[in-house]
Amino acid sequence: MATSVLLVTGSFRRLGNCEMFAKEVAVQTQIDQIAVLRLTDFTLKPCMGCYRCLNPEHRCQVKDDLYFILETMTAYDHVIFSIPTYVLGPVGQFKLMADRLACMSGLYPAFQRIGAVSAVFGGIESWRGVTQSMVNAVIRMMGFRLTGSAFIEAALPGESLDEAHIPVARALAEALCNPDKPFFPSKTLVCPSCGSDLFFVQERRLICALCDSSGEYRDGAWLSFHDSGRFSEKGFVEHFEGWLKPKVIEYAGKKDYHRMLRERYKDIGVKITRKTAPLSDGSEGE
Ligand SMILES: Cc1cc2nc3c(=O)[nH]c(=O)nc-3n(C[C@H](O)[C@H](O)[C@H](O)COP(=O)(O)O)c2cc1C
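Residues numbered from 1 in each chain as written. Predicted model: local features only at pLDDT ≥ 70, side-chain atom pairs only at ≥ 80, totals over all residues. Heavy atoms only, no water.

(A) The arrangement of a nonpolar patch on the surface in detail. On the surface, Tyr86, Val87, Leu88, Ile124 and Trp127 cluster together into a nonpolar patch covering about 580 Å² of accessible area. In this fold, Trp127 is placed in the loop between β5 (115-122) and α5 (131-142). (Patch = residues over 30% accessible without salt bridge, like charges linked within 9 Å, V, L, I, M, F, W, Y side chains within 5 Å. Areas by Shrake-Rupley, 256 points an atom, 1.4 Å probe, with all protein chains shown as cover. Salt bridge = Lys/Arg side-chain N within 4 Å of Asp/Glu carboxyl O. Helix = DSSP H or I, 4+ residues; strand = E, 2+ residues; numbered from the N terminus.)

(B) Quick peek at the packing of aromatic side chains. Under the defined criterion, the tally for this structure stands at 9 aromatic pairs. An aromatic cluster of three or more residues is present, and its members are Phe199, Tyr217, Trp222 and Phe225. Stacked on the ring of Tyr67, the Lys or Arg Arg59 has its end atom at 3.8 Å from the ring centre. (Phe/Tyr/Trp six-rings, centres within 6.5 Å; stacked < 30°, edge-to-face > 60°. Lys NZ or Arg CZ within 6 Å of the ring centre and 35° of its normal.)

(C) Seen up close, the domain arrangement of the chain. Per the domain assignment, the segments of the chain are domain 1 (4-185) and domain 2 (236-265). One C-alpha centre belongs to domain 1, the other to domain 2; they are set 32 Å apart. Taken together, the 8 residues of domain 1 in the interface contact 5 residues of domain 2. For the domain 1 and domain 2 pair, buried surface summed over both sides reaches about 590 Å², with 86% attributable to carbon and sulfur atoms. The largest contributions to the domain 1 side of the interface with domain 2 come from Tyr51, Leu54 and Tyr108, which together make up 63% of the buried area. At the boundary of domain 1 and domain 2, one finds 0 salt bridges. At the junction of domain 1 and domain 2, the tally comes to 1 residue pair in polar contact (both at pLDDT 80 or more). Here the residues of the side of domain 1 that touches domain 2 are counted per class, giving 7 nonpolar, 1 polar and no charged. (Domains from an automatic or database assignment. Contact = heavy atoms within 4.5 Å. Buried area = accessible area lost by both parts, 1.4 Å probe. Polar contact = N/O pair within 3.5 Å; in protein donor to acceptor, adjacent residues only side chain to side chain. Nonpolar A, V, L, I, M, F, W, Y, C, P; charged D, E, K, R; others polar.)

(D) A look at the side chain of Gln132. Summarising the element assignment, Gln132 is placed in helix α5. Using a relative accessible area of 18% as the deciding quantity, one classes Gln132 as buried. Among the polar contacts listed, one links the side chain of Gln132 to the side chain of Ser149, at a separation of 2.7 Å. (Buried < 20%, exposed > 50% of the residue type's maximum accessible area, 1.4 Å probe, protein only.)

(E) Summary view of the site of the ligand. Within the structure, the ligand sits among 17 residues, and Ser11, Thr85, Leu88, Trp127 and Ala154 are positioned closest to it. Contact between the ligand and Gly123: a nitrogen atom at 2.9 Å from a main-chain N or O atom of the residue. At 2.9 Å, a backbone N or O of Ala155 approaches an oxygen atom of the ligand. If the ligand stood free it would expose 640 Å²; the protein chains cover 80% of that surface. Breaking the shell around the ligand down by element, the ones donating at least two residues are α1 (17-29), β3 (78-86) and β5. When the residues that make up the shell around the ligand are grouped by side-chain class, the tally is 10 nonpolar, 6 polar and 1 charged. (Near = heavy atom within 4 Å.)

(F) Main features of the pairing of strand β8 (residues 205-208). For strand β7 (residues 199-202) and β8, the ladder comprises 4 bridges, and the chain directions are antiparallel. Its bridge partner being in β8, Phe200 is matched across the sheet by Ile207. With antiparallel pairing between neighbouring strands as the criterion, β7 and β8 make up a hairpin whose turn holds 2 residues, including Glu203 at a positive phi of roughly 50 degrees. Sheet analysis places β8 next to strand β9 (residues 214-218), joined by 2 bridges and oriented antiparallel. Bridging from a neighbouring strand, Leu206 pairs with Gly215 of β9. (Pairing = 2+ DSSP bridges.)

(G) Structural view of the environment of Gln61. On the secondary structure map, Gln61 appears in the loop between β2 (33-38) and α2 (66-74). As for Gln61 and Cys47, which are separated by 14 residues in sequence, their C-alpha atoms are 9.3 Å apart. Once residues within four sequence positions are removed from consideration, Gln61 is found in contact with Met48 and Arg52. For Gln61, the side chain forms a polar contact with the main-chain oxygen of Arg59, separated by 3.1 Å.

(H) Structural context of the packing of helix α7 (residues 233-253) against helix α8 (residues 255-265). At a closest axis distance of 5 Å, the pairing of α7 and α8 adopts a crossing angle of 70 degrees. The angle between α7 and α8 places the two elements in the roughly perpendicular class. Residues Tyr251, Ala252 and Gly253 of α7 touch α8, and the partners they reach there are Lys255, His258 and Arg262. Residue classes in the contact of α7 with α8 are distributed as 2 nonpolar, 2 polar and 2 charged. (Axes fitted to C-alpha atoms, helices over the stretch in contact; angles between N-to-C directions. Parallel < 35°, antiparallel > 145°, perpendicular 65-115°, else oblique.)

(I) Just the nonpolar core, in detail. Counting 43 residues, the largest nonpolar core has Met73, Phe81, Phe94, Met97, Met142 and Phe144 as the members making the most contacts within it. Counting only domains with at least three residues in this core, you end up with domain 1 (4-185) and domain 2 (236-265). Aside from chain neighbours lying at most four places away, what touches Phe81 is Val8, Met73, Phe94, Met97, Ala116, Val117, Ser118, Ala119, Ile139 and Phe144. Counting 21 residues, the second-largest nonpolar core is a separate cluster that includes Leu7, Phe21, Ala26 and Ala150. (Core = buried A, V, L, I, M, F, W, Y, C linked by side-chain atoms within 4.5 Å.)

Below is the structure:
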């Protein structure tokens, strides 16, 4: 049976590092059908924060290409996410998609059937920031089975295909096709639960900044590690069903209080539009 892989690339650059490296990974898999979805070819608008989508019968009201992108992903056996670092984090188009996570829950079961790996790029390794941890958290929260992830230092377009990176492409390809061979190389300490390398430090405990698992790390070993399970299906249900939905109901019950607050604050400050001059009183100029 033919197998298929979708490359989801985050860079606007055609045939830059994201696109070419993802293609190299795909070629190494020997999967029959390769398709490329460039996030920047599509319109993604900001989440309105209305929480309407928490009701599975309601689709997101934002008119853009989000559902097209998500439904396209469900048609493939595998997905390779290939995302560049822009200013210490994932490129904005990826974050725009990630911000709409609440309306993706209906697709969670479909995504659970799809294997995924991520390739994350930055021009200087020490400037990689939060990109890889965030990209992988989003992929996991969407429901994909993440079996590999690597950071690739590549500044100029094409550098991702330097000889040193080809074994990384090969290992990601293997992890994608063979979940028994996961591939998560890291030079720094990672959270045993979610793989993020971002930690808060409280007293002696390291707290994973993304999944909230925590423990003490001493002499190369984790002591009294608590796994939050945030990115498991159970954790996902607990957050959305057990916390967010009751919060939305709580908000509905406080409508009068919020109306009063809005009334109190609504006229403070001049609203900037294209027609107001800076530091004007808000009236339209000549
Ligand atoms: C606007 C902009 C911001 C960037 N910010 C960072 C950064 O903070 N850290 C980093 O390591 N690389 C940064 N880079 C470098 C890219 O992540 C890197 O060149 C990547 O390989 C680009 O992938 P592409 O060729 O597919 O576009 C930035 C590049 C651009 C264009």
